[in-house]
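Here are the chains, one letter per residue:
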Amino acid sequence: MKKERPNPTMLSLGGEEIFSQLSWFKRDRVETANVMVVGCGALGNEVLKNLALFGVEHLVLVDFDTVEPSNLTRSILFREADAADRRAKVVVAAERLREINPAIEVLPLVGDICHEVGLGLLRRMQVVVGCVDNRWARYCLNRLCMRAGIPWVDGGIDGLEGTARVFVPGKNCYACNLGPEALKELSYRLSCSDVIRRNEQAGRVPTTPVIASIIGAVEAQETIKLLHPDEVARGELTSLCGRMFYYEGQHLGTRVVEFAGYDEECPVHERWDPIETMDITTQWRVGEVWQRLSERFEDPTVEIPLRDYRFVDDLVLREDDRHIPVMRPDYAVERFVEEDARLRYLPFQALYQHEIDCLDRNFPYPELTLAQVGIPAWEVLSVRTAHGMHYVELADEDRYAERLSQNREG
Ligand SMILES: [Zn+2]
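Residues numbered from 1 in each chain as written. Predicted model: local features only at pLDDT ≥ 70, side-chain atom pairs only at ≥ 80, totals over all residues. Heavy atoms only, no water.

## Some details on helix α3 (residues 42-54)
Helix length check: α3 (13 residues) gives 19 Å between terminal C-alpha atoms against 18 Å at 1.5 Å per residue, within 8%. By the criterion of burial, α3 is predominantly enclosed, with 11 of the 13 residues buried. Of the positions making up α3, those classed as buried are A42, L43, G44, N45, E46, V47, L48, N50, L51, A52 and F54. Phi turns positive, to about 100 degrees, at G55, one or two residues after α3. (Helix = DSSP H or I, 4+ residues; strand = E, 2+ residues; numbered from the N terminus. Expected span 1.5 Å × (residues − 1). Buried < 20%, exposed > 50% of the residue type's maximum accessible area, 1.4 Å probe, protein only.)

## Quick word on the packing of aromatic side chains
In total, this model carries 13 aromatic pairs according to the counting rule given. Ring centres 6.0 Å apart and planes at 85 degrees place the aromatic pair F167 and Y174 in the edge-to-face group. Assessed through its relative accessible area of 3%, Y174 is described here as buried. Taking the centre distance of 5.8 Å and the plane angle of 80 degrees together, the rings of F363 and Y365 count as edge-to-face. The class of F363 is buried, set by a relative accessible area of 5%. Aromatic rings pair up to connect W152, F167, Y174 and F259 into one cluster. (Phe/Tyr/Trp six-rings, centres within 6.5 Å; stacked < 30°, edge-to-face > 60°.)

## Here we look at the coordination of the zinc ion
Surrounding the zinc ion are the protein donor atoms C173 (SG), C176 (SG), C266 (SG) and H269 (NE2), which sit 2.1 to 2.3 Å from the metal. Bound by 4 donor atoms, the zinc ion shows angles of 93 to 132 degrees at the metal and therefore tetrahedral coordination geometry. (Donors = N, O, S within 2.8 Å, 3.2 Å for Na, K, Ca; no water. Tetrahedral: all angles 85-135°; square planar, octahedral: opposite > 155°, others 65-115°.)

## Description of the domain arrangement of the chain
When cut into domains, the chain gives domain 1 (8-271) and domain 2 (275-401). Its C-alpha centre places domain 1 at a distance of 29 Å from the equivalent point of domain 2. Surface buried jointly by domain 1 and domain 2 totals about 2300 Å² across both partners, of which 52% is contributed by carbon and sulfur atoms. Counting across the domain 1 and domain 2 interface gives 5 salt bridges. In this structure, the salt-bridge partner of R147 is D308, at a minimum N-O distance of 2.8 Å. Inspection of the domain 1/domain 2 interface yields 6 residue pairs in polar contact (both at pLDDT 80 or more). Only β5 (105-110), α6 (119-122) and α7 (135-148) provide two or more residues apiece to the side of domain 1 that touches domain 2. It is α6 that contributes the most residues to the side of domain 1 that touches domain 2, 3 residues altogether. (Domains from an automatic or database assignment. Buried area = accessible area lost by both parts, 1.4 Å probe. Salt bridge = Lys/Arg side-chain N within 4 Å of Asp/Glu carboxyl O. Polar contact = N/O pair within 3.5 Å; in protein donor to acceptor, adjacent residues only side chain to side chain.)

## Observations concerning α7
Along its 14 residues, α7 runs 20 Å from first to last C-alpha, staying within 8% of the 20 Å computed at 1.5 Å per residue. Among the 14 residues in α7, 13 count as buried, and that is most of the element. N-capping of α7 is provided by N134, with a side-chain oxygen placed 3.2 Å from the backbone N of W136. Backbone geometry just after α7 places G149 at a positive phi near 70 degrees.

## Looking at empty space enclosed by the protein
The final tally for this structure, using the stated rule, is 4 cavities of 30 Å³ or more. Lining the largest cavity are 20 residues, with R307, D308, Y309, E379 and V380 positioned closest to its centre. Where the lining of the largest cavity is concerned, the elements lending two or more residues are α7, β12 (304-305) and β17 (380-385). In terms of residues, the lining of the largest cavity owes the most to one element, β17, which gives 3 residues. (1 Å grid on protein atoms, 1.4 Å probe; cavity = no way out; pocket = protein on both sides within 12 Å on 5 of 7 lines; lining within 4 Å. Points joined across faces, edges and corners; volume = space filled by probe spheres on them.)

Right under this line is the structure:
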């Protein structure tokens, strides 16, 4: 359905476009761009507000949280009733953004960026904006953006301090700039430990609305610049890419420092290209998918390695070697344990999980669907064949592309 632009004061004043005095500003580019914002907390709210005011009209929002009373002091898009009803942040934010600019198309996704957003969707973005509060989410976001070749903007806030950075695949990388302590923490998350990984919740950092506005504003500004690559190349705009913006509010200091580490050996830089599309959906069974791919690549040894997680079929009690069927991805095991009264209070060491890291012809559960083994809609599968890696995009079964571009015709 085509929407008219019923709010003329938003993007034009007295018939004149507000941003037309900015020589570099390309309204078409901003209006038609797809921008994903990951995290709808204090920072996410500020970023979204600014992007909406700037005229960005195609937004994908990703967050798994609901609105809580504590969010209300620093989240312009949320109201008391949203917290009382425990509504999903992305759904509330989508509604409020449409109030700001009714021309906006928002695709709200309740989920975790690390495992629940398909690369097919992410790779159709021009920019991804990270508004997350922990290293693991940044690491995952960076990895996805590297695979897709999409630039991303990162913001972080803590007390009265905050930072903003811009990462462009081929130029700089979040993972390459991590210090030893951060790498140690991440290597724990990435290790193939047979112990159930506790999902160490990021500690609640104290946040003020002001620091969120400052860092969120810089993130939004850098996002708009990334939508103007020609203007950046000509020097009309200077991107933060390769540097870090730092703001300290208590004694008032700002700095922009070099942040350009890029190690050619870093395993995260793997670009998934070319990507071919197939009609497979996540409702297909693993056995059918495997069959289809082995025909397509004419290779009976074809394998789909699970790159970012493992499939857990059993939890095993060390004491008596009893097996408890789990049948879900490892990132969902913690909840499984929490919800099971027998398991919840067991000490950590009492259990180990039996994991599978590849969907191949020996996968013991070929009747499970891709969704059941943890593969999100519109994902890109990495497929190992005798003649190298191939990348296969699943069908857009939820019609995300359509929902993103509804507004573009006409
Ligand atoms: Zn790297």
